[in-house]
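Chain residues, written in single-letter form:
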Amino acid sequence: MLSPIEQFRENITRVRNLGGLYTALDNTTTSVMDLTDLLRAQMVMVVSALDLYIHEIARVGMLAIYNGERSQTAAFLRFQVTLESATKGISNPRVSEWLDIEIRERHGHLSFQDPDSIADAVRRFSACELWPSVAKQLNFHVQDVKNQLRAIVDRRNKIVHEADLDPSYPGTITRWSISPADVASTLDFIEKVCEAIDTVSNSS
């Protein structure tokens, strides 16, 4: 079974491969064909890869705490479970399947994309000061990391919820511009952030 970071690496490779498809088609078609939706798909997919990664490190980390492999955190101890699940845990404390199911259900409706929600998820299994630690790893200022991540998520939301339409041109199908360079820098940033999160969250 792949670890969360290995799974993320597989997912971001798929996202990069979609960029390869864009380049191949761009080299063999005329400008009449608009290929930019492939770039938009990459933006959506890379944020999805980030979201899934955070879901998985939180789940795996919390299970590790329950199994005595990591130190408990205050956020872990505040995690709420149903009485049904608690009864299962009490009756068979060596089995963690009930907690796995509970985490999946509790987290299933949440998105871990915004810096604050990501930090909340990491607190459930790690005592690290997430964003200061990540910023130090990346040699960035903390606020710069958060702002860049929020900008990426905001662009993803424009694509997903607003068809990436530019409201400056009402009544037209005019989309925000996007380029391979935009996407490449986004992928590089998300990859660095996830690798840094994996390092700092597993070192505390």
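Residues numbered from 1 in each chain as written. Predicted model: local features only at pLDDT ≥ 70, side-chain atom pairs only at ≥ 80, totals over all residues. Heavy atoms only, no water.

Draft legend 1. Inspection of the layout of surface pockets at higher detail. Considering only enclosed or pocket space, the largest pocket measures out at about 180 Å³ in volume. As for the largest pocket, its lining consists of 13 residues, of which Ala119, Arg123, Cys128, Glu129 and Leu130 are closest to the centre. For the lining of the largest pocket, the secondary-structure elements that each account for two or more residues are α6 (115-123) and α7 (130-138). For the lining of the largest pocket, the leading source of residues is α6, giving 5 residues. Looking at the lining of the largest pocket residue by residue, the class counts come to 7 nonpolar, 1 polar and 5 charged. (1 Å grid on protein atoms, 1.4 Å probe; cavity = no way out; pocket = protein on both sides within 12 Å on 5 of 7 lines; lining within 4 Å. Points joined across faces, edges and corners; volume = space filled by probe spheres on them. Helix = DSSP H or I, 4+ residues; strand = E, 2+ residues; numbered from the N terminus. Nonpolar A, V, L, I, M, F, W, Y, C, P; charged D, E, K, R; others polar.)

Draft legend 2. Region of the structure containing the packing of aromatic side chains. Taken as a whole, this structure holds 3 aromatic pairs when the rule is applied. Considering the side-chain rings of phenylalanine 8 and tyrosine 53, the 5.8 Å spacing of their centres and the 55 degrees angle between planes classify their relative orientation as tilted. Of this pair, phenylalanine 8 sits in helix α1 (residues 4-28) while tyrosine 53 sits in helix α2 (residues 36-66), and the two are 45 residues apart along the sequence. Here phenylalanine 140 and phenylalanine 189 contribute two aromatic rings whose centre-to-centre distance is 6.5 Å and whose plane-to-plane angle is 10 degrees, an arrangement assigned as stacked. (Phe/Tyr/Trp six-rings, centres within 6.5 Å; stacked < 30°, edge-to-face > 60°.)

Draft legend 3. Geometry of the pattern of salt bridges. In total, this model carries 15 salt bridges according to the counting rule given. Residue arginine 150 pairs with aspartate 114 through a salt bridge whose shortest N-O separation is 3.2 Å. Of the two residues, arginine 150 is situated in helix α8 (residues 142-162) and aspartate 114 in the loop between α5 (97-107) and α6; the sequence distance between them amounts to 36 residues. Take arginine 150: its relative accessible area is 29%, and that puts it in the partly exposed class. A cluster of three or more residues bridged by salt bridges with shared partners is formed by Asp37, Arg40, Arg155 and Asp164. (Salt bridge = Lys/Arg side-chain N within 4 Å of Asp/Glu carboxyl O. Buried < 20%, exposed > 50% of the residue type's maximum accessible area, 1.4 Å probe, protein only.)

By themselves, these figures tell us nothing about what the structure is for.
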